[in-house]
Each structure stands twice: as C-alpha cells, then as structure tokens.
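Below are the chains, spelled out letter by letter.
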Amino acid sequence: MAEWREYYRNEDDEVEEDEEDSGGDYKISGRDSLVFLVDASKEMFIKGEDGEPSNFDMTMQCVRSVYTSKIISSDKDMVALVFYGTEQSKNPRNSFKHVYVYHDLDSPGSQRVLDIDKLLGEKGAQFAENTLGCGETSLGEALWCCSNLYSDIKLRLSHKRLMIFTCRDDPHGGDGAKDRQARTKAADLKETGVVIDLMHLTKPGGFDVSLFFCDIVSPPEDESELGIQIEPCRKLQDLQKRVRAKELKKRAQSRLTFSLGEGVNLAVGVYVLARTAMKPSAVKLHRDTNEAVRTKTRYFHAHNGGILLPNDMKRSQVYGKKQIVMEKDEVDEIKKFDDPGLVLMGFKPMDRLKLHHHIRPALFIYPEEEQISGSSSMFTALLLKCSEKNVFALCRYIPRRNTPPRFVALVPQREELDQSQTQATPPGFHVIFLPFADDIRTVDAHMGPTASDEQVDKMKEIVHKLRFKYKSDAFENPVLQQHYRNLEALALNMLEPEPIEDLTMPKVQMMDARLGPLTQEFKDLVYPDDYNPEGKPAAKRKTAESGGGGAEKKPKVEMSQDELKNHVAKGTLGKLTVPVLKDACKQFGIRTTGTKKQELIDALTMHFSK
C-alpha cells in the first residue's frame, strides 16, 4: 500500500507541478527573482528639458509599476532594490561601502510600495539626498552585494535577473582597477545563472555602451531577444516597455515533439501569447484566525462510513444491462489515443482557412533547440516555405496524456521589428484550433425589412466617418481596473481609490463632431416622422388564465414499481429525465452516491435487480 500522504496531498503546498508539461524534462520550478541596481549619483537627479522628470524619478516610477504588477500577477516572485554610488552604506554585515540595500530580496508588498512613494518627485529627491547621499562609485562591490543577496535566499529560484539603471557610461571615470573588479563580479554572477540587463538612460553627449557596459551585460538568451539596446531611454514609457519585456521569463506551456514524417522530428515549445485577464479567485479564510483555509477531500463508503483509499475505488459503466467494473489504469488506457505531440498531416492554401473556424484562442509554437539539436534550422525552413507559398500546415495535436486529439492549422508568422529595432512580433506558427463537423451548424437567419440603396449609401458614409485604427491593448477592462484600484487604496491606506478612465465608453462629442448632419439625415431616411426612440415600450398583457401570476408548476410524475422494473429490464432508464429519476429514488427510499444521471441510473438498477 502507498503512504497516506500520497492520497491526501494538499493542493496548496508550494510544489509547482506543470501538468501541461508532459513531453520531457522541464526546468520551470521555483520563483522568479529580480534585483533593481540603481545609480544614485548626482547626474541621475538632473531634471530633463521642458520640465521632464529626472532619470532617478523615471526609474523610481518604473520600479513602482513593477512592484504593483508583481503584487497582482505573481506575488510569490522576489524583488530587491539596491542603490550604488551612495554616501551612506546599508547592506548585510555592512561589508560594502557606498552600497545601500533599500529592499532585501523578498516578496513585494504594500509597505514596499509606500517606501518607493517616498522617493518620487521633488520631495523624493530631497528624501533620497538625506537618506542615501551621493558618494564614490564601485559597481564591482555593488554586484558583489547583489550576489550575496542571491546566496542568502534558501528558496529555489527558477529565474534570476539583475537590471542596472544608470546614465553614466563610464561609472569609474577611467579607474582600471574598479573596471576589472566589476567585470570579474559580473562574470561570477553570470556563472551562477544571473542574467544582467542594462537599462541605460539619456545623458548629454550620448551614452556609449561599448565604453564599459558591453562587458557587463549578459548576451541574449535566445535568438528571439535582441540583447542590449543601443539607444538610451528618454521617456518613461520607453523605459517601462523595456523593463516589461525583460522582467518576465518566457515560459512554455508545454514542450512537444513535432513529427514531420517517419524519423523526422523536431522539438517545439507551446506558448500562450494572450490570455483573458480575470479577477483572482476568492480565498476562504478561517473566521477566528483569518488565515487561509486548506481544503482536503476524503471519500467514505456509502453503507459502513469507512474511509476509502484510491485503491478501494473502481470505475464502472453499464453496458447491455451489465455493470462493467474497470481499474483506473484501464480507464486511462481507453482514453489514451497517442503520445503527446504534433503530427504533420499535410498543407492547405491560406484561403481555405475561414474566419468562422476560430473556436478558441490560438497558441504559438517556437523551436526548442536544447531538446533536439537542429530544431531551429528545420523550423525556420518550414516557416519560410509556408510563408512564401502562402499555405498553412494541417496537424494533429495532442497536448498531454489522456487527451483526445484535435486538428489544428499552423499559420506562419515572420519576425517584425518596430522603429527602435525592437521585436514587435516573434517568428513562429500560430496554432489555430479547427472545428469538427459537429461544431458547425446552420442557423436560420432572421428575415427583416430590406434597406434601400439610399439608406445603405448613407450608412456607408457614417461608417467611413467613424473609422479608426483599432488596437486591442489600447482598451483596458474597466471592471478589473476598478477592482485593483480599490485593492491598492485599501493596502496603501489611501482615502479613496484613484479614478479610472473607462476607455470602452464611446466618445459621443467627438462622434457628433465627425458626423455632423449625417445622423439626422439617416434618421429621416429610416424612421417614420412620429418615431420616438426614448418612448417607453408597451406593457406586456397578462393572460386571463394565469390570473396575473407566473407560469404554473408542472405536477410531479410518479412512476409505479412495475414501470421502473420494466425500464430496468429493457435498459431504458436513460430515456427518463434527471428530475424523474430523483423523484423515483426518493419515492422508494434508494440511497445514491451522487446526483448525476448515471449515478441515479446505477442506484435504481442495483435496487430493482435484486
């Protein structure tokens, strides 16, 4: 017999098991960590032109946005904030001069956001001058201090990243000894798996990355990353965009084998490019201690009340008036169609893929060179050929074990760069789930009055006037925004939450200005003269038979014992509805294990088969 804890292992334990990863070895377990290493020299506090914020203020706003997003999306991740080039020193054991650890490596919280708020604006610059001060710079000792922060953490970290914010391309002023020390410590950090990124800010005369920092920053992790950016960040939006692109590790939902034919395989990672943002699920709390309640599920025997272990439970199904009992392994074997993976079935022209074939959000695949060598080259060749010939690949897709197969269309997408030479769209295939024949049905279209040519032309003018370039990321969910603003106000002890702008509401004044008289002209063409759109609809008449009340309740259908025995003998209990089966069980005092239809049928069959 297996140990007891294997049957009742708590789902709330910090054991991250990715059930989606069913195709091989996966390194994703543990927490992400991010250290902000910020230059606190005098140059960082110089304000920009035309009243623009200083580089230090921009950095603090960016750090605050990362803190708040981490609290919402991944509160178990660990974040730290370290200043270098300070006059004051504060670090573990005070081993390093001119290094100030403002926040240790730990999970973000509301108090940390309040601490960041003290560093914002002119008051924040004054507070930083009094608390931190400006002193000598030794980037090597700052990197050494960050290395100690990582080594002091006993938890398992899956991804370690360090971001350097500075506007000085030569922080040591030509001191060769300090430059060598910084390069040595940076190399040591890279060997321990820490990824070092440079978020360089604007400075008079330009920022020369090749002068010093090209030896400090880590190389790109894969081909999809462009590595260090040459142009410095001049605006807060540019800085937040770069940090957002770097702070999150690209995690594959699963890694599968893509079979192109007999003996020709490559490895791909399956990614989710977009996911619906939803409110976090509610957490049940103990009414006395206010701690999270952990849920445990146990099964008991229906007759003697004994606790059932997984080995004591069987699966059954009624076939031909007989109850067939199966083991769990047998049920899994029945469900198994094939091993997880993608299998190429053929190619189809792109015009064969219709808009109504979209039945669920698409996935995205990218080659995994670490699992099968040569996957990137073969994947790139397939991508280019499909793009050149304007075809999509038709494949059979099984995401994980014991999952039925689906047919998918692999639509090619080439890499695109924006004006700053940053990757806008990655190269790869979109995985479009195709419907089965049963998923497509014909709907009888409602026949209404037909519009005249004059009315159609007038509406075309209106549509042409109201056109704009749509971007999905330009509209935020107002319900979610208000929810998180309320949480933020509660956590940060604010008097009231910050107001939100509902971008989904139509801009009526702008629309009226664009349309001008077109709206009234369209109304005159379509609606009669006495039409009042704001008039109240006529009240529904109540039927005389109902007497003003609601619909009459249907009487319960009681079945005799002989009728039930006849259904059991013929095996036609499945034709009865669930309410009728429930009433029959109550009528004859039959105990059931559940309320599902098959469970009710099994209980009645066992009772009348005795």
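Residues numbered from 1 in each chain as written. Predicted model: local features only at pLDDT ≥ 70, side-chain atom pairs only at ≥ 80, totals over all residues. Heavy atoms only, no water.

### Topic: the overall build of the chain
Note the cut-off: Here a strand is any run of E in DSSP of at least two residues, a helix any run of H or I of at least four, and the numbering for each starts at the N terminus. Here the term buried applies to any residue with accessible area under 20% of the maximum for its type, exposed to any over 50%, and partly exposed to those in between, with areas from a 1.4 Å probe on protein chains only. The contact definition used throughout considers only heavy atoms, calling two residues in contact when any of these lie within 4.5 Å. Note that accessible areas follow from Shrake-Rupley with a 1.4 Å probe, and for residues the cover is restricted to the protein chains shown.
When helices and strands are tallied, the chain shows 16 helices and 18 strands. Burial statistics for the chain: of 610 residues in total, 34% are counted as buried. A fraction of 69% describes how many contacts in the chain between residues 6 or more apart in sequence connect residues 24 or more apart. Total accessible area on the chain stands at roughly 40,200 Å², and carbon and sulfur atoms take up 51% of it.

### Thoughts on the sheet that holds strand 14 (residues 391–398)
Cut-off, in case you're wondering: At least two DSSP bridges between two strands are needed for those strands to be called paired. Each axis is a line fitted through C-alpha atoms, taken for helices only over the stretch in contact, and angles between the N-to-C directions span 0 to 180 degrees.
If you trace the seven strands once around the closed barrel, you get 6-7-13-18-15-14-12, paired in mixed fashion. In this sheet, neighbouring strand axes are inclined to one another by 40° on average, regardless of whether the strands run parallel or antiparallel.

### Looking at the packing of helix 14 (residues 561–570) against helix 16 (residues 597–608)
Formally: The labels follow the angle: roughly parallel below 35 degrees, roughly antiparallel above 145, roughly perpendicular from 65 to 115, and oblique for the rest. Each residue is assigned to one of three groups, with Ala, Val, Leu, Ile, Met, Phe, Trp, Tyr, Cys and Pro labelled nonpolar, Asp, Glu, Lys and Arg labelled charged, and all others, Gly among them, labelled polar.
Across the interface, helix 14 lies against helix 16 with an axial gap of 10 Å and an inter-helix angle of 105°. Of the possible angle classes, the one that applies to helix 14 and helix 16 is roughly perpendicular. Contacts from Gln561, Leu564, Lys565 and Val568 of helix 14 reach helix 16 at Leu604, Thr605 and Phe608. Residues belonging to the contact of helix 14 with helix 16 are distributed by class as follows: four nonpolar, two polar and one charged.

### Brief notes about the sheet that holds strand 1 (residues 31–39)
Within a sheet, each strand pairs with its neighbour through backbone hydrogen bonds, oriented either parallel or antiparallel. The strand order across the open sheet built from five strands is 3-2-1-4-5, with neighbouring strands paired in mixed fashion. Either end of the sheet is taken by a strand with one partner, and the two such strands are strand 3 (99–106) and strand 5 (194–200). The average undirected angle you get between the axes of adjacent strands in this sheet is 15°. Here seven bridges tie strand 4 (residues 157–166) to strand 5, and the two strands are oriented parallel to one another. When the bridges of strand 5 are listed, lysine 160 appears paired with valine 194.

### Observations concerning the UniProt feature "domain: SAP" (unreviewed entry) in the chain
For the record, the criterion: UniProt positions are given in the numbering used here, feature names are shortened, and annotations may be inferred rather than shown by experiment.
As recorded in UniProt, the feature "domain: SAP" (unreviewed entry) lies at residues 573–608. A helix fraction of 61% and a strand fraction of 0% characterise residues 573–608, whose end C-alpha atoms lie 12 Å from each other.

### What to know about the state of the cysteines
To be explicit about the condition: When two cysteine sulfur atoms lie within 2.5 Å, the pair is treated as a disulfide.
All told, the structure shown has zero disulfides when counted by the stated rule. Of all cysteine sulfurs in the structure, the one in cysteine 395 sits closest to cysteine 386, which takes part in no disulfide; the separation is 8.9 Å.

### Focus: the packing of aromatic side chains
Operational definition: Centres within 6.5 Å make a pair out of two Phe, Tyr or Trp rings, where for Trp the six-membered ring is used; the pair is then stacked when the planes are under 30 degrees apart, edge-to-face when over 60, and tilted otherwise. Any Lys NZ or Arg CZ found within 6 Å of a ring centre and within 35 degrees of that ring's normal is scored as a charge over the ring.
Going through the model one piece at a time under the given rule, you end up with 13 aromatic pairs. For the ring pair phenylalanine 96 and tryptophan 144, a centre distance of 5.6 Å and an interplane angle of 50° mean the geometry is tilted. Note that phenylalanine 96 is positioned in the loop between strand 2 (78–84) and strand 3 and tryptophan 144 in helix 5 (residues 139–151), a separation of 48 residues in sequence. Overall, the relative accessible area of 6% leaves phenylalanine 96 in the buried class. Here the guanidinium or amino end of lysine 160 rests over the ring plane of tyrosine 150, the centre of that ring lying 5.8 Å away. Directly above the ring of phenylalanine 433 sits arginine 360, whose terminal nitrogen or CZ lies 3.8 Å from the centroid.

### Here's the deal with the pairing of strand 12 (residues 341–349)
Pairing between strand 6 (residues 254–261) and strand 12: two bridges, direction parallel. Across the sheet, serine 259 pairs through a bridge with valine 343, a residue of strand 12. Bridge count between strand 12 and strand 14: eight bridges; the pairing is antiparallel. Within the sheet, the bridge partner assigned to leucine 342 lies in strand 14 and is tyrosine 397.

### Concerning the environment of serine 138
Of note, serine 138 is situated in the loop between helix 4 (121–131) and helix 5. Taking the relative accessible area as the measure of exposure, serine 138 reaches 12% and is therefore buried. Between the C-alpha atom of serine 138 and that of aspartate 175, which follows or precedes it by 37 residues, the distance is 9.9 Å. Among residues more than four places away in sequence, those in contact with serine 138 are His172 and Gln181.

### Topic: the pattern of salt bridges
Put simply, the rule reads: We define a salt bridge as a contact between a side-chain nitrogen of Lys or Arg and a carboxyl oxygen of Asp or Glu at a distance within 4 Å.
Taken as a whole, this structure holds 15 salt bridges when the rule is applied. Across the pair arginine 255 and glutamate 368 runs a salt bridge, and its minimum N-O distance is 3.5 Å. Separated by 113 residues along the polypeptide, arginine 255 in strand 6 and glutamate 368 in the loop between strand 13 (363–367) and helix 9 (375–389) bring together distant segments of the chain. When its relative accessible area of 11% is taken as the criterion, arginine 255 is described as buried. Of the charged contacts, one joins aspartate 338 and arginine 396 as a salt bridge, the two residues approaching to 2.8 Å between their closest N and O atoms.

### Structural notes on the packing of helix 5 against helix 6 (residues 176–191)
Just so we agree on the cut-off: Crossings are sorted by hand: turned counterclockwise from the far helix by less than a right angle, the near helix makes the crossing left-handed, and turned clockwise it makes it right-handed.
With their axes 7 Å apart at the nearest point, helix 5 and helix 6 run at an angle of 20° to one another. If you check the angle between helix 5 and helix 6, you find them roughly parallel. As helix 5 runs across helix 6, the sense of the crossing is left-handed. Residues Leu139, Gly140, Glu141, Leu143, Trp144 and Ser147 of helix 5 lie in contact with helix 6, whose contacting residues are Gln181, Ala182, Lys185, Ala186 and Leu189. Residues that form the contact of helix 5 with helix 6 fall into these classes: six nonpolar, three polar and two charged.

### A closer look at a negative patch on the surface
The condition is simple: To count toward a patch, a residue needs a relative accessible area above 30% and no salt bridge. Like charges then connect within 9 Å, nonpolar side chains (Val, Leu, Ile, Met, Phe, Trp, Tyr) within 5 Å. The sign given to each residue is positive for Lys and Arg and negative for Asp and Glu; His and the chain ends receive no count. A single reference atom marks each charge: NZ on Lys, CZ on Arg, CG on Asp, CD on Glu.
A contiguous patch of negative charge, built from Asp453, Glu454, Asp457 and Glu461, is present on the exposed surface. Here aspartate 457 shows up in helix 10 (residues 453–465). When its relative accessible area of 41% is taken as the criterion, aspartate 457 is described as partly exposed.

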